[in-house]
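Observations on the model geometry
Here is what each chain is made of, one letter per residue.
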Amino acid sequence: MRVTAVSVETLELAYEEPFVIASSALAAGPCDLVRVETDEGLVGYGEACPAYEFTGETLWTVDDVIGEYLGPATVGRDPSRIEEIVRVWERELWTVGNQAARGALEMALWDLQGKALGRPVADLIGGLTRDALVEVIAWGWDDPETLGARTREMAAQGVTVFKVKVGDTPERDEARVAGRRPAGGRPPRPTVDAKPTREAPPTAGRAHPQGAAGRHARLTVDANQGWYDAATAVRAIRLLEPYDVELVEQPVRKDDLEAARRVRDRVDVPIALDESVAGPRDALAAVRAGAADIFVVKLMKSGGILNALKINAIAEAAGVGVMIGNMGESSLGLSAHFQVAAALANAVHCDADGPWQPGGLRRDIGRGLATELRHDTSVVLVPRGPGLGVEIDDDAVAAQRVVRPWQR
């Protein structure tokens, strides 16, 4: 089997409402839909969700890099030889950066390989360690009252893990977290098991207020570099510690591992690094610096599944956990992340937040993700169809195509 054509469609996937975090505010998500065709009639799909503030890429740079460089270098090759193709990109094209572009095209190759073998991607990278992931809701910046009402609504539907975006002033961030669960609640330990354990009943005489999320909910917070310096981050995290926060994600600037180490040394909450860890070399540097308890792996940052596996190997060897995140992709890109999360025993957490959630995509371009209740907990099922197990909705794609503003 040989690749005969590579193409990219540029889309903007509108959100039901703007998503606001410390580093950006988005009303729609950029989406480059990559299509790889073969001489045997099989087609593989990948998705880039570039974020300029994370990888320096845009919708249009992904289109250009794949169209001018990566795509032509892939045509004519055996799509099952993914490592070889990636090395061509790196060593013959001298590709620097452009992680989202590389990640999307590599994703399409994995989808293609799975379809050719009749197996889901998870089976190609080690097989399942779990068949479902606990559903997560991620809330952007909003007033505490609104966040509380939304949290109660989702908790009633079985959602038990809530991520709160912080990185504002420490006091305002405390108010956002306090609305999810007042101080004194105690959640279960971190797990991505589809059947999360429940803690023992509270000891006599101790108050455990329910809060909006309920006593058994798990809370994480993500500062997206918003606290900037170590001193502010330490002060903010100490304000949040009474709320049993499970982890704090990217508390300081991505290029300051020394600041991350100082924060980690001074607080009790595990520190996860996201923006700081793009590829394997970043992971190795963070290990050497003693800067993190957890690495956040996203395919748009790592440049694809191969590098994600390498980051995980470094983390596991160093006793560092891995959390699988995402960049707000459609069901197609999310399935790729979920396949990886399900195959890695070292993945202590996964942002399994689907496009159907409140404030999510108005119109998904893929079909194949589903949820169910297990022991009163909402879980996302890992697609088991060939490849990524996601069917493309051509009408949704056609309705959301965009062209460069200066070409209209």
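The structure under discussion appears in the preceding block.
Residues numbered from 1 in each chain as written. Predicted model: local features only at pLDDT ≥ 70, side-chain atom pairs only at ≥ 80, totals over all residues. Heavy atoms only, no water.

Before going further, it helps to spend a moment on the overall build of the chain. A count of helical and extended segments in the chain gives 14 helices and 16 strands. A buried classification covers 56% of the 408 residues belonging to the chain. Partitioning the intrachain contacts of the chain with sequence separation of at least 6 by distance along the chain shows that 74% fall at a separation of at least 24. Of the roughly 16100 Å² of accessible surface on the chain, a fraction of 49% belongs to carbon and sulfur atoms. (Helix = DSSP H or I, 4+ residues; strand = E, 2+ residues; numbered from the N terminus. Buried < 20%, exposed > 50% of the residue type's maximum accessible area, 1.4 Å probe, protein only. Contact = heavy atoms within 4.5 Å. Areas by Shrake-Rupley, 256 points an atom, 1.4 Å probe, with all protein chains shown as cover.)

Attention now moves to helix α2 (residues 59–74). Along α2, the sharpest kink reaches roughly 45°, centred on Ile66. Listing the buried residues of α2 in full gives Leu59, Trp60, Val62, Val65, Ile66, Leu70, Gly71, Ala73 and Thr74. (Bend = angle between axes of the 7 residues up to and from the residue.)

What follows covers the sheet that holds strand β6 (residues 161–165). The strand order across the open sheet built from eight strands is β5-β6-β7-β8-β9-β10-β11-β12, with neighbouring strands paired in parallel fashion. Each edge of the sheet is formed by a strand with only one pairing partner; in this case those strands are β5 (136–139) and β12 (347–350). Each strand axis lies, on average, 25° off the axis of its neighbour in the sheet, ignoring direction. Of the pairings in the sheet, the one linking strand β9 (residues 271–273) to strand β10 (residues 294–297) comprises two bridges and is parallel in character. Among the inter-strand pairings, Ala272 is bridged to a residue of β10, identified as Ile294. (Pairing = 2+ DSSP bridges. Axes fitted to C-alpha atoms, helices over the stretch in contact; angles between N-to-C directions.)

Moving on, we get to the nonpolar core. The biggest cluster of nonpolar side chains holds 108 residues, and the ones touching the most others in it are Val177, Trp227, Val263, Phe295 and Ile324. With nine residues, the top contributor of residues to this core is helix α4 (residues 99–117). What Val263 contacts, discounting residues up to four positions off in sequence, is Ala230, Ala233, Val234, Ile237, Pro251, Val252 and Ile271. Judged by nonpolar contacts, the second largest core, of five residues, contains Leu247, Ala272, Ile294 and Met323. (Core = buried A, V, L, I, M, F, W, Y, C linked by side-chain atoms within 4.5 Å.)

The subject of this paragraph is the packing of helix α10 (residues 280–289) against helix α12 (residues 305–317). Interaxial distance between α10 and α12 falls to 9 Å at its minimum, and their mutual angle equals 15°. For the element pair α10 / α12, the angle class is roughly parallel. Here the hand of the crossing between α10 and α12 comes out right-handed. Note on element contacts: α12 touches α10 through Asn307, Lys310, Ile311 and Ile314, opposite Pro280, Ala283, Leu284 and Val287. Residue composition of the contact of α10 with α12, by class: six nonpolar, one polar and one charged. (Parallel < 35°, antiparallel > 145°, perpendicular 65-115°, else oblique. Left-handed = near helix turned anticlockwise from the far one by under 90°. Nonpolar A, V, L, I, M, F, W, Y, C, P; charged D, E, K, R; others polar.)

Within the open sheet, the three strands sit side by side as β4-β15-β14. Their pairing is antiparallel. The sheet is open, and its two edges are formed by β4 (132–134) and β14 (370–374), each paired on a single side. Ignoring strand direction, the axes of neighbouring strands in this sheet form an average angle of 40°. The sheet contact formed by β14 and strand β15 (residues 377–381) spans five bridges and is antiparallel. Looking at the pairing, Glu372 lines up with Val379 of β15.

With four of five residues buried, β15 is to be regarded as a mostly interior element. In terms of strand pairing, β4 meets β15 through three bridges, oriented antiparallel. From the neighbouring strand, Ala132 faces β15, where its bridge partner is Leu381. Two successive antiparallel strands, β14 and β15, enclose a turn made up of two residues, where His375 displays a positive phi of approximately 55°.

Taken together, the buried positions of helix α8 (residues 230–240) are Ala230, Ala233, Val234, Ala236, Ile237 and Leu240. Seen along its axis, α8 keeps its buried residues to an arc of 170°; they face one direction. In this structure, the buried residues of α8 make contact with α7 (170–178), β7 (218–222), β8 (245–249), α9 (257–266) and β9. The backbone nitrogen of Ala231 lies 3.2 Å from a side-chain oxygen of the residue at the head of α8, namely Asp229. (Arc of directions from axis to C-beta. Polar contact = N/O pair within 3.5 Å; in protein donor to acceptor, adjacent residues only side chain to side chain.)

Backbone geometry at Gln250 places phi at a positive 40°, although glycine is not the residue there. Here Gln250 shows up in the loop between β8 and α9. Among the residues examined, Gln250 registers a relative accessible area of 0% and is labelled buried.

By secondary structure assignment, the location of Asp229 is in the loop between β7 and α8. Look at Asp229 and you get partly exposed, because its relative accessible area is 33%. Considered as a pair, Asp229 and Arg253 are 24 residues apart in the sequence and their alpha carbons are 7.1 Å apart. From its side chain, Asp229 meets the backbone nitrogen of Thr232 in a polar contact 2.8 Å long.

Looking now at the packing of α2 against α4. Put simply, α2 and α4 touch, their axes get as near as 9 Å, and they point 45° apart. Classified by the interaxial angle, the pair formed by α2 and α4 is oblique. The hand of the α2/α4 crossing is right-handed. For the pair formed by α2 and α4, the contact residues are Val62, Val65, Ile66, Leu70, Gly71 and Thr74 on the first element and Ala100, Ala101, Arg102, Leu105 and Leu109 on the second.

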